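The chain contents come next:
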Amino acid sequence: MELIGGLLTVAAFFLYGFSKAGNLKTSLEALDAMLALLRELSARLSHRRESLKTVFSAYQDPLLESYGFLSLLKNHDGRDYPALWENALPLLPLPREALPPLTSLGASLGRLSLKGQTEQITLCLTLLEAVRKDLQAGAMQKRKSIVALWTLSGLLVALLLL
């Protein structure tokens, strides 16, 4: 009976570690979705000269919509995008390193000239791509390490309980 309890403890810790490793993958997917949104936003602002409201209402991304980020931006009259952006940003499971450039962009959203806005978006894209590159470089090893650490922790707890 003690052996079964120990195995269940190790399995529970393994599954928790696997879940935590999945969070890293989810944050990379959210970052990729934000990069795609910003690229589209930049292109439509600079080439088509569309308004922010038009761009946000026409943009489709299942991931951003599932977290409610796009829904919040779409279902608004578009008068105060900085406040909307600030409220919508915490809905996404983004890595901490991605938040400062996105917060800075959100504070200027809709308040700059077209040229200034596209420059701000380009700067944000550059910073986010660097963050993504850093996260991607160590993501696989980090996920393996997280799962191994939690599994070994479960084994230690199981040994202590036996």
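This structure is a prediction, so every number in the text was calculated from the model and none was measured.

Chemist: Outline the layout of surface pockets, listing residues and values.
Modeler: Here the largest pocket defines a volume of roughly 290 Å³. Along the walls of the largest pocket sit 11 residues, with L24, S27, P95, R96 and K142 positioned nearest its centre. Put simply, the parts of the chain that give the lining of the largest pocket at least two residues each are α1 (2–46) and α7 (114–161).

Chemist: So, the side chain of D61: which residues are in play, and what are the values?
Modeler: As for its position among the elements, D61 is in the loop between α2 (52–58) and α3 (62–66). For the buried residue D61, which engages in no salt bridge, the nearest side chain bearing the opposite charge is K74, 9.6 Å off. Within polar-contact distance, the side chain of D61 engages the backbone nitrogen of L63 at 2.9 Å. Once residues within four sequence positions are removed from consideration, D61 is found in contact with A33 and L70.

Chemist: Describe helix α6 (residues 99–108), and please don't skip the residues or the numbers.
Modeler: Given 3.6 residues per turn, any residue in an α-helix points the same way as the ones three and four places further on. For α6, the set of buried residues is P101, L102, L105, G106 and S108. The arc that holds every buried residue of α6, seen down its axis, measures 165 degrees, which confines them to one face. Phi for G110, located one or two positions after α6, is positive at around 80 degrees.

Chemist: Could you give an account of the side chain of Q120, naming the residues involved and the relevant values?
Modeler: Mapping Q120 onto the fold places it in helix α7. There is a polar contact of 3.4 Å between the side chain of Q120 and the side chain of S104. Among all residues touching Q120, those that are not within four sequence positions of it are S104, L105, S108 and L112.

Chemist: A description of a nonpolar patch on the surface should follow, citing residues and the corresponding values.
Modeler: Together, L152, L155, L159 and L162 make up a nonpolar patch on the protein surface, roughly 410 Å² of accessible area in all. Among the secondary structure elements, L162 is positioned in the segment after α7. The exposure class of L162 is exposed, given its relative accessible area of 53%.

Chemist: I'd like a rundown of the nonpolar core, residues and numbers included.
Modeler: Formed by 35 residues in total, the largest nonpolar core has its most connected members in L38, F69, W85 and L102. Looking at this core, the elements with two or more residues in it are α1, α2, α4 (69–74), α5 (81–88), α6 and α7. The biggest single contributor to this core is α1, with 10 residues.

Chemist: Give me the lowdown on α5, citing residues and values where you can.
Modeler: Of all the positions in α5, only Y81, P82, L84, W85 and A88 are classed as buried. Here the buried residues of α5 occupy an arc of 160 degrees about the axis, which is enough to place them on one side. Opposite the packed face of α5, turned more than 90 degrees from it, sit the exposed residues E86 and N87.

Procedures and definitions
Residues numbered from 1 in each chain as written. Predicted model: local features only at pLDDT ≥ 70, side-chain atom pairs only at ≥ 80, totals over all residues. Heavy atoms only, no water. 1 Å grid on protein atoms, 1.4 Å probe; cavity = no way out; pocket = protein on both sides within 12 Å on 5 of 7 lines; lining within 4 Å. Points joined across faces, edges and corners; volume = space filled by probe spheres on them. Helix = DSSP H or I, 4+ residues; strand = E, 2+ residues; numbered from the N terminus. Buried < 20%, exposed > 50% of the residue type's maximum accessible area, 1.4 Å probe, protein only. Lys, Arg positive; Asp, Glu negative; His and termini not counted. Salt bridge = Lys/Arg side-chain N within 4 Å of Asp/Glu carboxyl O. Polar contact = N/O pair within 3.5 Å; in protein donor to acceptor, adjacent residues only side chain to side chain. Contact = heavy atoms within 4.5 Å. Arc of directions from axis to C-beta. Patch = residues over 30% accessible without salt bridge, like charges linked within 9 Å, V, L, I, M, F, W, Y side chains within 5 Å. Areas by Shrake-Rupley, 256 points an atom, 1.4 Å probe, with all protein chains shown as cover. Core = buried A, V, L, I, M, F, W, Y, C linked by side-chain atoms within 4.5 Å.

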